[in-house]
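Chain and residue survey
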Number of protein chains: 2
Amino acid sequence: MSAPQIDAVTLDGAGPLYDQIRRAIRDLILAGTWPPGTAVPAEHALMEKLGASRMTVHRALAQLAREGLITRRRRSGTIVASPPASHAMLDILSIPQEVRELGQIYSYRILQRSNGKASRDLATRFELGRSANVAHLTLLHFAGGAPHVLEDRVIHSETIPQVTDESFAETPPGDWLLQNSLWTQAEHAISAIAADPQEAELLKIDAGEPCLLVERRTWNQAEPITAVRLLYPGGRHRFVGRFGPYGSV
Amino acid sequence: MSAPQIDAVTLDGAGPLYDQIRRAIRDLILAGTWPPGTAVPAEHALMEKLGASRMTVHRALAQLAREGLITRRRRSGTIVASPPASHAMLDILSIPQEVRELGQIYSYRILQRSNGKASRDLATRFELGRSANVAHLTLLHFAGGAPHVLEDRVIHSETIPQVTDESFAETPPGDWLLQNSLWTQAEHAISAIAADPQEAELLKIDAGEPCLLVERRTWNQAEPITAVRLLYPGGRHRFVGRFGPYGSV
DNA sequence: CCTTTTTATTTGCATATGCAAATCGAGCTT
DNA sequence: AAGCTCGATTTGCATATGCAAATAAAAAGG
């Protein structure tokens, strides 16, 4: 059918009707029940199902469209949009893309890979429970043959079970996750540290050289997905962002 | 009168009516014609002035309210909102505030101050024309008596003429600018560098220690306002931001 | 004078209606 | 088969109407 899951739209009775509709549909999208590309029921269908007027349904959908969650076209109807690839502020989510935008050839190498419980060291570094079942990866990304960034990542196997069978031979884990998971929250911390001897050797810089350290953790609702530590040789890297006081003006 | 400048609201005839109204009012706010706190004309007044229905006017204002540009209250009416103090992502716009949030006593000292044309060095560092008339300031911010960050700033005197007569004895320039200027665009770059001997001495760290370098430039429309270079001792500082793929979910 | 009640104003929400614009598809024409 | 016309569907916009909620200001009451 054209409107696959119209019965999934249920209102919670809290607040204005148009906002209940908006949240109901938003939640279906964020939960992954309606993945990108799914056809959203037409205004008339929602109107009948929910017993609201078309203007009220329209208001909810128009707002979701402004927020970028859905794409609407006359006659064609409404579909769930793909999440924006990058966020306004220094969201370098894809390292291959980042390297290619510098005009260089991208490659990567997995240095280490393991599955199992988080070690004490990892649990501390990524602030997660010892009992968490995780995949742990260490890899090095190259730009034109030269080391670009050192990545240290854990992925929660409970949230993303497919990770256990994935070799990451084709796609580095960051990009793989973008395709195989949905995130609603991220935390991003940037600091400057000196490279320790081991890191320096891998990155082919001198020990003690300043590096940018990016630590990012992402969740879907309350469930942790991944935590990553990216170490960039400092002299060569900077993060740039543009924004206005109210977002994008 | 309660609606000071209703005649300033003029439509451009481009696109949907509600959006013309929305943009007309938004532009008055961003241009500073209606500073924060100004009473926005009531829906009825705009309705008569513009010849639109109340629903249409309401739609424009409701959207501006969602965007945070205005604040609306029943019976009291609508006023222009104050710009949000900090933006989602690592906008530490106020250093005094940043220090106080760390639970420490804030103070600062001006190391150098001059007015005039930008020197070659400054022009290069901040990517501006040699002919620009600027105020140039170097200052050191302290947290609980210890150096916190080294600030190097230029302010365009043409855009902000009051700067020439301001001593910055009471308020550091970053905070002063927040009160005395309006910005619509900012650019933010973060990198890691090693402190040079002179900087290290001021910050009371060892030369070569990794530091976070934040470079920020702000504009109002196309007019440059200020460019600043903030050097944070690295071990002690990190920037944290939280966000979702669609902004705030 | 202080407190309570009433009134009036302003925004917020929902509905019904009508028309316009975009565009997908079917059917028709050549 | 290729192109064209036309009808049907879906979203987009604007209006008019009515009522509800919040609340500032005025009026009433003690």
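Focus on the packing of helix α2 (residues 43–50) of chain B against helix α3 (residues 54–67) of chain B
All names here are of chain B. Put simply, α2 and α3 touch, their axes get as near as 9 Å, and they point 115° apart. Here α2 and α3 pass one another in a crossing that is right-handed. Counting all contacts with α2, which are made through Glu43, His44, Leu46 and Met47, the residues of α3 involved are Arg54, Val57, His58 and Leu61.

Focus: unusual backbone geometry
Residue and element names in this part refer to chain A. Residue Phe168 is not a glycine yet carries a positive backbone phi of 65°. Relative to the elements of secondary structure, Phe168 occurs in the loop between β6 (146–156) and α6 (173–180). Residue class for Phe168 comes out buried when judged on its relative accessible area of 0%.

Observations regarding the relation of the copies chain A and chain B
It takes a turn of 180° to lay chain A on chain B, together with a shift of 0.0 Å along the axis; the resulting RMSD is 0.2 Å. Given the turn and translation reported, the copies of this chain are related as if by a two-fold rotation axis. Residues of chain A ranked by C-alpha distance from the rotation axis are headed by Pro210(A), positioned 2.2 Å from it.

With respect to a positive patch on the surface
Residues Arg59(A), Arg66(A), Arg59(B) and Arg66(B) make up a contiguous surface patch of positive charge. Elements with a contribution of two residues or more to the positive patch: α3 (54–67) of chain A together with α3 of chain B. Tracing the chain through its elements places Arg66(A) in helix α3. Classification of Arg66(A) by relative accessible area gives partly exposed; the value is 39%.

A word on the domain arrangement of chain A
All names here are of chain A. The domain boundaries assigned to chain A delineate domain 1 (6–80) and domain 2 (95–236). In this structure, domain 1 and domain 2 have C-alpha centres spaced 36 Å apart. Contacts between the two partners involve 4 residues from domain 1, matched on the other side by 4 residues from domain 2. Taking both partners together, domain 1 and domain 2 bury about 230 Å²; carbon and sulfur atoms supply 63% of that area. Where domain 1 touches domain 2, the interface holds 0 salt bridges. Across the side of domain 1 that touches domain 2, the residue classes tally to 3 nonpolar, 1 polar and no charged.

Observations concerning the sheet that holds strand β2 (residues 70–73) of chain B
Residue and element names in this part refer to chain B. Here 3 strands make up an open sheet; going across it, the order is β1-β3-β2 and the pairing antiparallel. Among the strands making up the open sheet, the edge pair consists of β1 (39–40) and β2. As judged from the 2 bridges shared by β1 and strand β3 (residues 77–80), these two strands associate in the antiparallel manner. Each bridged residue has a counterpart across the sheet, and for Ala39 the counterpart in β3 is Ile79. Lying on the sheet, α3 is in contact with β1 and β2; it crosses β2 at an angle near 115°.

Details of the protein's contact with DNA strand D
Near DNA strand D you find 25 residues, and of these Arg54(A), Arg72(A), Leu17(B), Thr56(B) and Arg73(B) are the closest. Within 4 Å of the protein, atoms of DNA strand D come from sugar and phosphate in 66% of cases. Interatomic distance of 2.6 Å between a side-chain N/O atom of Arg54(A) and a base oxygen of DNA strand D. Measuring from a phosphate oxygen of DNA strand D, one finds a side-chain N or O atom of Thr56(B) at 2.5 Å. Every element with two or more residues in the surface near DNA strand D is listed here: α3, β2 (70–73) and β3 (77–80) of chain A together with α1 (17–30) and α3 of chain B. Per element, the largest residue contribution to the surface near DNA strand D is 4 residues, and it comes from α3(B).

Re the interface of chain A and chain B
Contact with chain A, which involves 44 residues of that partner, is made by 44 residues of chain B. Per-residue buried area on chain A facing chain B is highest for Phe243(A), Pro245(A) and Tyr246(A); these three make up 20% of the total on that side. The interface formed by chain A and chain B includes 2 salt bridges. Applying the counting criterion to the chain A and chain B interface returns 6 residue pairs in polar contact (both at pLDDT 80 or more). Listed by contribution, the elements that provide at least two residues to the side of chain A that touches chain B are α1 (17–30), α3, β7 (185–194), β8 (210–220) and β10 (238–243) of chain A. Here the element with the most residues in the side of chain A that touches chain B is β7(A); it accounts for 10 residues. When its residues are assigned to classes, the side of chain A that touches chain B shows 23 nonpolar, 13 polar and 8 charged.

Definitions and limits used
- Residues numbered from 1 in each chain as written.
- Chains lettered and ligands numbered in written order.
- Predicted model: local features only at pLDDT ≥ 70, side-chain atom pairs only at ≥ 80, totals over all residues.
- Heavy atoms only, no water.
- Axes fitted to C-alpha atoms, helices over the stretch in contact; angles between N-to-C directions.
- Helix = DSSP H or I, 4+ residues; strand = E, 2+ residues; numbered from the N terminus.
- Left-handed = near helix turned anticlockwise from the far one by under 90°.
- Contact = heavy atoms within 4.5 Å.
- Buried < 20%, exposed > 50% of the residue type's maximum accessible area, 1.4 Å probe, protein only.
- Least-squares fit on C-alpha atoms with pLDDT ≥ 70 in both.
- Patch = residues over 30% accessible without salt bridge, like charges linked within 9 Å, V, L, I, M, F, W, Y side chains within 5 Å.
- Areas by Shrake-Rupley, 256 points an atom, 1.4 Å probe, with all protein chains shown as cover.
- Salt bridge = Lys/Arg side-chain N within 4 Å of Asp/Glu carboxyl O.
- Lys, Arg positive; Asp, Glu negative; His and termini not counted.
- Charge placed at Lys NZ, Arg CZ, Asp CG, Glu CD.
- Domains from an automatic or database assignment.
- Buried area = accessible area lost by both parts, 1.4 Å probe.
- Nonpolar A, V, L, I, M, F, W, Y, C, P; charged D, E, K, R; others polar.
- Pairing = 2+ DSSP bridges.
- Near = heavy atom within 4 Å.
- Polar contact = N/O pair within 3.5 Å; in protein donor to acceptor, adjacent residues only side chain to side chain.

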